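Results of the structural survey
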Amino acid sequence: MQRQLKHIYISTLISLFVLSFNSPFAESAERVKSGVVMAIEGKVEALHEDEKEWTPLIKGTDVYLRDTVRTSKGSRLIIRFFDETMLNVAENSNINIDTYLYNPSENKRTAMFKLFSGRVRTITGKILRKDSSVEIHTRTSIAGVRGSDQVNMILNDPTGSEFTRVLQLTGIGFVRNINPDIPRVIDIRPGTMSDVFLNTVPTPPVTIPPDMLKEIGSALNIRVKLESGKHFVSEEKPF
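An account of the accompanying structure is given in this report. (Residues numbered from 1 in each chain as written. Predicted model: local features only at pLDDT ≥ 70, side-chain atom pairs only at ≥ 80, totals over all residues. Heavy atoms only, no water.)

1. Some remarks on the overall build of the chain
Here is the rule we go by: Secondary structure is summarised from DSSP: a helix means a run of H or I of at least four residues, a strand means a run of E of at least two, and numbering begins at the N terminus for each. Per-residue accessibility, obtained with a 1.4 Å probe over protein chains only, is compared with the maximum for each type, and a residue is labelled buried under 20%, exposed over 50%, and partly exposed between these values. Note on contacts: a residue pair qualifies if any of its non-hydrogen atoms lie within 4.5 Å across the two residues. Under the convention used here, a 1.4 Å probe and the Shrake-Rupley method define accessible areas, while residue burial counts only the protein chains that appear.
Helices and strands together make up the secondary structure of the chain, namely two helices and 18 strands. Considering the chain as a whole, with its 239 residues, one finds that 42% of them fall into the buried category. For the chain, long-range pairs separated by at least 24 residues make up 45% of all intrachain contacts whose partners lie at least 6 apart in sequence. Accessible surface, the chain as shown: approximately 13700 Å² in total, 56% of it carbon and sulfur.

See below:
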């Protein structure tokens, strides 16, 4: 009888172990590393997909697929990804690494970042296959960065309605409404910007005003200027 009970007890333990191993509540799979914090200033935190608490970031910290990163007032950071794409995140911003796939052997990448608030500068890295993509999504827009340097800002108009402003610093980019029923794509050239409101076609690109270039430069620690119809961007000293 004791031998039979012992057998039942061991069988039960094995069954519980198997159930816990296959349970959706078991510990999540290993995180997928996507890049590293290249520079940082002030208080910046990351929320990993499998955690509930925010983790402070410092220079050299790894960032992972599905991480959400937020900066506080007076803070900013630069993330460098494995394909050399960089995100320069300004203060009071919140951005999520939704998709990041980089395959050096196939010379291809697919990256998509979700900007929830604030502003971010995206600089694409290595020149890869034509079907590679880097996109910034907001609640109103989808902006594409094609071997270029682009800034996305979430703003509010005088009525309080949220919209996205896309500023093209160098290279050619594109923007469209996030609503798939509004498929028109607008190309944006260096030194121009376009605004995207909810459920409307992006505004025709216009020249970025000098005061806005100055504001962007201050927020992202870069020098941006227009001279003789040409557009220049130069880096400040790393913060």
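After that view of the structure, there is still more to cover.
2. Structural notes on the environment of Ser-234
Position of Ser-234 relative to the elements: it lies in strand β18 (residues 230–235). A relative accessible area of 28% means that Ser-234 is categorised as partly exposed. The sequence separation of Ser-234 and Asn-221 amounts to 13 residues, and the corresponding C-alpha distance is 9.5 Å. With residues near it in sequence (within four places) discarded, Ser-234 still touches Ile-222 and Arg-223.

3. Quick look at the pairing of strand β9 (residues 108–117)
Note the following rule: The pairing criterion is simple: DSSP has to find at least two bridges between the two strands.
Here strand β8 (residues 94–103) pairs with β9 via nine bridges, running antiparallel. Bridge pairing in β9 links Tyr-100 to Ala-111. Between the antiparallel neighbours β8 and β9 lie four residues, among them Asn-107 with a positive phi of about 55°. As paired strands, β9 and strand β11 (residues 133–137) are joined by five bridges and run parallel to one another. If you follow Lys-114 over to β11, its bridge partner there is His-137.

4. Brief notes about helix α2 (residues 210–220)
Note the following rule: The arc in question is formed by the directions pointing from the helix axis toward the C-beta atoms.
Buried within α2 are the following residues: Met-212, Leu-213, Ile-216, Gly-217 and Leu-220. With its buried residues spanning 140° around the axis, α2 presents them on a single face. Of the exposed residues in α2, the ones pointing more than 90 degrees away from its buried face are Pro-210, Asp-211, Lys-214 and Ser-218. Downstream of α2 by a residue or two, Asn-221 has a phi angle that is positive, lying close to 60°.

5. Thoughts on the nonpolar core
Inclusion rule: What makes a nonpolar core is a set of buried Ala, Val, Leu, Ile, Met, Phe, Trp, Tyr and Cys residues whose side-chain atoms join them at distances within 4.5 Å.
Ranked by internal contacts, the top residues of the largest apolar core, which has 23 residues, are Leu-57, Val-69, Leu-77, Phe-81, Leu-87, Ile-95 and Phe-113. Counting residues per element, the ones that place at least two in this core are β1 (33–41), β2 (44–47), β6 (76–81), β7 (86–89), β8, β9, β11 and β12 (141–156). Once residues within four sequence positions are removed from consideration, Val-69 is found in contact with Val-44, Glu-45, Ala-46, Trp-54, Leu-57, Leu-77, Ile-79, Ser-93, Asn-94 and Ile-95.

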